[in-house]
Amino acid sequence: MNETARYALIVLFCSAVGLVAVLANRLTERVKVPVAVLVLVGAAVAVHAVPVVQPPSERTVERVLTIALVLVLFDGGMHIGVSRFRAAAVPILSVGVVATGVVAGGAALLLHYACGISWYLAVLVATAVAPTDPAVVFSVLGKREIAGRSSTILEGESGTNDPVGISLMAGLIAAGGLSTAGFIDVGTQFLLQMIIGAVVGVLGGRMLLAFMRRVALPSEGLYALRTLACALMLYGIATLAHGSGFLAVFVAGIMIGDARAPYKPEIKRFHAALAGLAEIVAFAVLGLTVDLRMLAHPDVWVPGLILGVGLTALIRPLAVSACLVGVQLRRNERLFILFAGLKGAVPILLGEFLRAAHVSDAERLYGIVVVVVIFSVLVQGSSVPGVAKLLQLPMRTVETQPWQIGVRLADEPEGVHRFSVAPGSAAQGCTVESLGERVGDIWVSIIVRTTGLVAVRGDTELQAGDEVVILADPELHDTLADLFGSS
C-alpha cells in the first residue's frame, strides 16, 4: 500500500469514527452510556484490530489534546458567562480548587495504603484523577437540562480544576519527588500559574469583547474564526508568561459569555460544535494510546477499580461536602454535586504526561488512570439519570428547535432583553399585563413556547421554559432577571 492510499485509509477511519460518535448520541439516550466511553473503547479496539492504525507518539497526543482542551474550556466558559459565574463564584472556586487538592490527597492515601504504591507515584496518579468533566454528565441526560445552580457549579468546577490538575501535575513531575522544598516550589509555581492565567483571561476577555464589538469584518463567517484565533492567542500568551493558558481561555470565555456582540449566536454555535468535535477527537486519540492487554493485568485493574469506587463513594463526597458548607443549595442539588464528579479526557491526558516524562512504572500508572476513567464514565455516568430522578432534581426537557426566525440590525438594539422563565420563578404564572404592573414601562414582544410562537396579549400567562423577548429600559435588566430567574 502506497503512502497516499495509507493516508486515505486513515482519513476514512477518522471520519467514520466521527460520524459514528455523532450518531451515537441517539444511542446514549436509550442505553445511558456516554459517547466518550464508546469512542475511547472503539479506538482502543481499532488500534489492535486494524494494522494500519498505529498509536500516535506521546508528543502528538499532548499537542492534539492541548488544542482540544483549549476549545472545550473556551466554549465552557462562554456557556457559563459572567452572570452565572458571579451567582456561584464561591462554590465554584471552593470545589474547583480546594476540593481538587483534597480529593488528590485522599486518593493518594488510598493508593498508598490499600494498593501499596509508593508515596510519590500515588500522589502523581491521585493528581491525574482529581479533575472532572461535566460534559459526560450532561451527555447521558440527553434532552433534559438541570435547573438551579448545580449545573453551573459542576461546569465551573471542571473549568477550574482542569487547569489546577494540569499545573499541579507539571510541578510534581518537575520536582521529581516529595520533599519540603519540592512542595514549596510546586505551591509557588501553582499560585503563579493561576494568578497569571486569571489575569490574562480577564484582561484578554475584555479586550476580545471590545474587539468583537468595535471592529467590523467583511464576512459573517469571519467573526467566529476571529474568536477562535484570539482564544488560541490567549493560551499562548498566558503559557509564555509562565501562567496557565487553560485557565486563561476559560476565564476569557466567561468574560464574553453573556455579553452582547455582533453575530454572537453564530459565534456560540460555532464554538459549541467545535468543542463537541474536540471532545470526540480527544477521546479517540486517547483510545489509540490504550493497551488493552495492560488493562487486563490485576496490578492495573484492581488498583484502578479500588480507586474508582473510593473516589465515587467516599473521597469526593467528603471533600466536596466540606467545601460546600455554608453554600445555600437545596439538599437534592447538593447530593447530586457530590455524586456527579465524573472523569473525562483530562485525567488520561495527565496520565499521558507520566508516560512522556518516563516516570517509574509509567505504563502501569497510565493503565490505572484509564481504568478509573472507564469506571467513572461507564458505571457512574450511566447511573446519572437514575440518581437525578431519585433525587427529584429540578430538570426541564429541552427539545431541539431546528427552525428559527429573526431580524438583522445594522446597530446594536438598546433595551432588548431576552429571558427564559425558570421553574419556580416569580414570572411563572404571571400574565403579560401583571408583569408590566410589577416592573413598569415594558413591552413584551415575543413569547416562544415548546409548541411554537404564542400570541402576546394582556392575559397571556407565562409558563416555565418560555423564551420571552422584552423591550424595556436597560436599567431594568437586573429587575427582570430577578423575576425570571429561579427562586
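Above: the structure in question.
Residues numbered from 1 in each chain as written. Predicted model: local features only at pLDDT ≥ 70, side-chain atom pairs only at ≥ 80, totals over all residues. Heavy atoms only, no water.

Trainee: I would appreciate a short explanation of the overall build of the protein in the present structure.
Mentor: Across its full length, the protein carries 18 helices and six strands. Radius of gyration (C-alpha) of the protein: 23 Å, near the 23 Å computed for a compact globule of 487 residues. Overall, the C-alpha framework of the protein stretches about 70 × 60 × 45 Å when taken along its three principal axes. Counting over 487 residues, the protein shows a buried share of 49%. Sequence separation of 24 or more characterises 80% of the internal contacts of the protein that already satisfy a separation of 6 or more. With an accessible surface of roughly 23,100 Å², the protein has 64% of that area assigned to carbon and sulfur atoms. (Helix = DSSP H or I, 4+ residues; strand = E, 2+ residues; numbered from the N terminus. Rg over C-alpha atoms; globule rule 2.2 N^0.38 Å. Buried < 20%, exposed > 50% of the residue type's maximum accessible area, 1.4 Å probe, protein only. Contact = heavy atoms within 4.5 Å. Areas by Shrake-Rupley, 256 points an atom, 1.4 Å probe, with all protein chains shown as cover.)

Trainee: Would you mind going over the environment of Phe-74 with me for this structure?
Mentor: Inspection of the secondary structure puts Phe-74 in helix H3 (residues 58–87). Phe-74 sits 161 residues away from Tyr-235 along the chain, and the two C-alpha atoms are 10 Å apart. What Phe-74 contacts, discounting residues up to four positions off in sequence, is Leu-208, Thr-227, Ala-231, Val-249, Ala-252, Gly-253, Ile-256 and His-271.

Trainee: How should I be thinking about the nonpolar core in this particular structure?
Mentor: Inside soluble globular proteins, nonpolar side chains tend to come together where they are buried. By size, the foremost hydrophobic cluster in this structure holds 93 residues, and its most contacted members are Leu-124, Leu-286, Leu-307 and Leu-311. When residues of this core are assigned to their parent elements, the largest contribution, 10 residues, is made by H3. With residues near it in sequence (within four places) discarded, Leu-286 still touches Leu-40, Val-61, Leu-65, Ala-345, Ile-348, Leu-349 and Tyr-366. The next biggest cluster of nonpolar side chains, apart from the first, holds 23 residues, and it includes Ala-99, Ile-146, Leu-324 and Leu-391. (Core = buried A, V, L, I, M, F, W, Y, C linked by side-chain atoms within 4.5 Å.)

Trainee: Whenever I open this one, the pairing of strand S3 (residues 416–420) confuses me. Can you help?
Mentor: Looking along a regular strand, one sees the side chains alternate between the two faces of the sheet. Side-chain alternation along S3 places His-417 and Phe-419 on a buried face and Val-416, Arg-418 and Ser-420 on a face that remains uncovered. Taken together, the five bridges between S3 and strand S6 (residues 467–472) define a ladder with antiparallel strand orientation. Each residue of the ladder has a partner; that of Val-416, found in S6, is Leu-471. (Pairing = 2+ DSSP bridges.)

Trainee: Is there a simple way to explain the side chain of Thr-127 in this structure?
Mentor: For Thr-127, the location among the structural elements is in helix H5 (residues 119–129). A distance of 2.8 Å separates the side chain of Thr-127 from the backbone oxygen of Val-123, its partner in a polar contact. Not counting residues up to four positions away in its chain, the partners in contact with Thr-127 are Ala-104, Gly-165, Leu-168, Met-169, Leu-172 and Leu-350. (Polar contact = N/O pair within 3.5 Å; in protein donor to acceptor, adjacent residues only side chain to side chain.)

Trainee: What is the right way to look at the packing of helix H8 (residues 180–214) against helix H9 (residues 221–240) in this model?
Mentor: When two helices pack together, their arrangement is given by the angle between the helix axes and by the axis-to-axis distance. At a minimum axis separation of 10 Å, H8 and H9 run at an interaxial angle of 155°. Comparing the axis directions of H8 and H9 gives the class roughly antiparallel. Viewed along their axes, H8 and H9 form a crossing whose handedness is right-handed. Side by side, H8 and H9 meet where Ile-196, Val-200, Gly-204, Gly-205, Leu-208, Phe-211 and Met-212 of the first sit next to Arg-226, Thr-227, Cys-230, Leu-234, Ile-237 and Ala-238 of the second. Classifying every residue of the contact of H8 with H9 gives nine nonpolar, three polar and one charged. (Axes fitted to C-alpha atoms, helices over the stretch in contact; angles between N-to-C directions. Parallel < 35°, antiparallel > 145°, perpendicular 65-115°, else oblique. Left-handed = near helix turned anticlockwise from the far one by under 90°. Nonpolar A, V, L, I, M, F, W, Y, C, P; charged D, E, K, R; others polar.)

Trainee: Just checking my understanding: could you explain the sheet that holds strand S5 (residues 452–454) for this structure?
Mentor: Whenever strands of a sheet pair, they do so through backbone hydrogen bonds, lying parallel or antiparallel. The strand order across the open sheet built from four strands is S3-S6-S4-S5, with neighbouring strands paired in antiparallel fashion. In this open sheet, the two strands that pair with only one neighbour each are S3 and S5. Averaged over all pairs of adjacent strands, the angle between their axes in this sheet comes to 25°, without regard to strand direction. In this structure, strand S4 (residues 442–449) lies alongside S5, joined through three bridges in antiparallel fashion. By the bridge assignment for S5, Val-448 is matched with Leu-453.

Trainee: For this particular structure, what's the right way to read the packing of aromatic side chains?
Mentor: Each aromatic ring pair is characterised by the separation of its centres together with the angle its planes make. A complete count under the given rule lists four aromatic pairs for this structure. Taken together, a centroid distance of 5.3 Å and an interplanar angle of 55° make the contact between Tyr-235 and Phe-246 tilted. Taken together, the positions of Tyr-235 in helix H9 and Phe-246 in helix H10 (residues 245–257) put the pair 11 residues apart, joining distant regions of the chain. Of the residues examined, Phe-246 reaches a relative accessible area of 8% and is grouped as buried. Taking 5.1 Å as the distance between ring centres and 10° as the angle between the ring planes, the aromatic pair formed by Phe-419 and Phe-484 counts as stacked. Here the residue Phe-419 occupies a position in strand S3, and Phe-484 occupies one in helix H18 (residues 477–484), the gap between them amounting to 65 residues. Accessibility expressed as a relative area gives 9% for Phe-419, which makes it buried. Under the relative-accessibility criterion, Phe-484 is labelled buried at 2%. The aromatic ring of Phe-211 is capped on one face by Arg-226, whose charged end is 4.7 Å from the ring centroid. (Phe/Tyr/Trp six-rings, centres within 6.5 Å; stacked < 30°, edge-to-face > 60°. Lys NZ or Arg CZ within 6 Å of the ring centre and 35° of its normal.)

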